[in-house]
Each structure stands twice: as C-alpha cells, then as structure tokens.
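As a plain string of letters, each chain reads:
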Amino acid sequence: MKKVGLFFGTFNPIHIGHLAIANHLVEFSDLDEVWFVITPQSPFKTKQSLLDDHHRYQMVYEAVKDYPKLKPSKIEFDLPQPNYTINTLVYLNEKYGKDHEFALIMGEDNLKSFHKWKNYETILDLYSIYVYPRISNGEMDHQFKGHPKITKVDAPIMEISSTFIRKAHKKGKNIRPLLPDEVWKYMDEMNFYR
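Residues numbered from 1 in each chain as written. Predicted model: local features only at pLDDT ≥ 70, side-chain atom pairs only at ≥ 80, totals over all residues. Heavy atoms only, no water.

1. A short note on the overall build of the chain
Alright, step 1. In terms of regular secondary structure, the chain is built from seven helices and six strands.
Alright, step 2. What you see in the chain, going N to C, is helices and strands ordered as β-α-β-α-β-α-β-α-α-β-β-α-α.
Alright, step 3. Relative to the 2.2 N^0.38 estimate, which gives 16 Å for 194 residues, the radius of gyration of the chain is 16 Å and therefore close to what a compact globule would have.
Alright, step 4. The principal-axis extents of the C-alpha atoms in the chain amount to approximately 45 × 35 × 35 Å.
Alright, step 5. Among the 194 residues that make up the chain, the fraction classed as buried is 51%.
Alright, step 6. Partitioning the contacts of the chain with sequence separation of at least 6, the portion at a separation of at least 24 is 69%.
Alright, step 7. Carbon and sulfur atoms provide 49% of the accessible area of the chain, an area that totals close to 10200 Å².
Alright, step 8. Each charge class in the chain was averaged separately, 26 positive and 25 negative side chains, and the resulting centres sit 6 Å apart. (Helix = DSSP H or I, 4+ residues; strand = E, 2+ residues; numbered from the N terminus. Rg over C-alpha atoms; globule rule 2.2 N^0.38 Å. Buried < 20%, exposed > 50% of the residue type's maximum accessible area, 1.4 Å probe, protein only. Contact = heavy atoms within 4.5 Å. Areas by Shrake-Rupley, 256 points an atom, 1.4 Å probe, with all protein chains shown as cover. Lys, Arg positive; Asp, Glu negative; His and termini not counted. Charge placed at Lys NZ, Arg CZ, Asp CG, Glu CD.)

2. Quick notes on the side chain of E62
Alright, step 1. Of note, E62 is situated in helix α2 (residues 53–64).
Alright, step 2. On the basis of relative accessible area, E62 is assigned to the buried category, the value being 14%.
Alright, step 3. At a separation of 2.7 Å, a polar atom in the side chain of E62 contacts the side chain of K65. (Polar contact = N/O pair within 3.5 Å; in protein donor to acceptor, adjacent residues only side chain to side chain.)

3. Quick look at the sheet that holds strand β2 (residues 33–38)
Alright, step 1. Taken in spatial order, the six strands make up an open sheet running β3-β2-β1-β4-β5-β6, and their pairing is parallel. Looking along the sheet, the strands with just one partner apiece sit at the ends: β3 (70–73) and β6 (150–152). Strand-to-strand twist across the sheet, computed as the mean angle between neighbouring axes with direction ignored, equals 30 degrees.
Alright, step 2. Strand direction decides the pairing type here: strand β1 (residues 2–9) and strand β4 (residues 100–107), joined by six bridges, are parallel. (Pairing = 2+ DSSP bridges. Axes fitted to C-alpha atoms, helices over the stretch in contact; angles between N-to-C directions.)

Pasting the structure below:
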C-alpha cells in the first residue's frame, strides 16, 4: 500500500516554498509520495487571475520532474467544477484505492477554515491530514485541536506566496530565486504574469 499525500492548489505559479514543503513531507513523514493536485478552480478563488490549466500543469511538471517522489496530477481537470476536495477524494479512491492510501496536506491557515469545506466531517473520518506551519491570523476550531487524524508537521515555515510572485513580477522585480529554474524558464518564455 503506497501512502500518498495530496497537495491541492492552483499553483499559479508553483514556487520553491511548495517544493520545500512537499519534499520535507516525503522525507520526514510516513508519506511515500506527494501528488500536486492542480485545481482548475478553487471554490474560494476567482477564475480570472488563473493561468490556463495546461500551463499550470506544465510548470508543476517542470518543477517536480527530477524528484521521483513528487508527482504532478491533473485529476481534477476532468471533474465537475468548482472542485470540492471530497469529490476528488471519492474519485481517487475509486481509481487507485486498491493500492494507494490517500492523505491531505494543508497549511495551518487552511485548517482554520476547514470547517467551511464541503463534507469536512466525512473527510476527517476517512483521511489523515498533514498540516504544515504557516504564519496566519485567526483561531483554530476547537474540534481540530489534538484530533487523532490531524498531524502537525514540523516543516520549515515558507512565507512565499504565488500572489506575491505574480505581483512582484508584474512590477518588473526579480523573482527568479523564488522559482525552480525550469519554472522560471517556462514562465519567462511564455511571458506570463507581466
């Protein structure tokens, strides 16, 4: 049974913070692989700021191709939108459940709003959640504190955001050190986020 951590996101673009966290999880937890599940449309984000799905997939592919334990996944591209995590989990279990056990990866900031997710109780009943630290405001819902299915991971705090990268790039700032080389090359060639 392969234990796979699902790292959901729009990855608009993927950056070194995403890679550092995913790599930390496959090296220092019981996860065998991390799949970057590229979300076509998050229920909490507007579509107009998103690059085309294919381009975001390509950037994730470029970022992880040299890391055998990290995989890009476009599984949500063919599912109904907006994408709800519970629907994706059901689909993944039907497709790969015989030899894969899935867990969720999320930032501490997402855990604070987890009670707003569709069918979050079902997700908690059926899946483990690995939470990496983020500097964020707000209180954690008491039901998640010390929950047996929630594992806090002592990963490095990566306060880099795709939003910051897009805005800085548009202003002509050098954001190259924040991106894997291949992602920077692809982004630059395609003239994205200008």
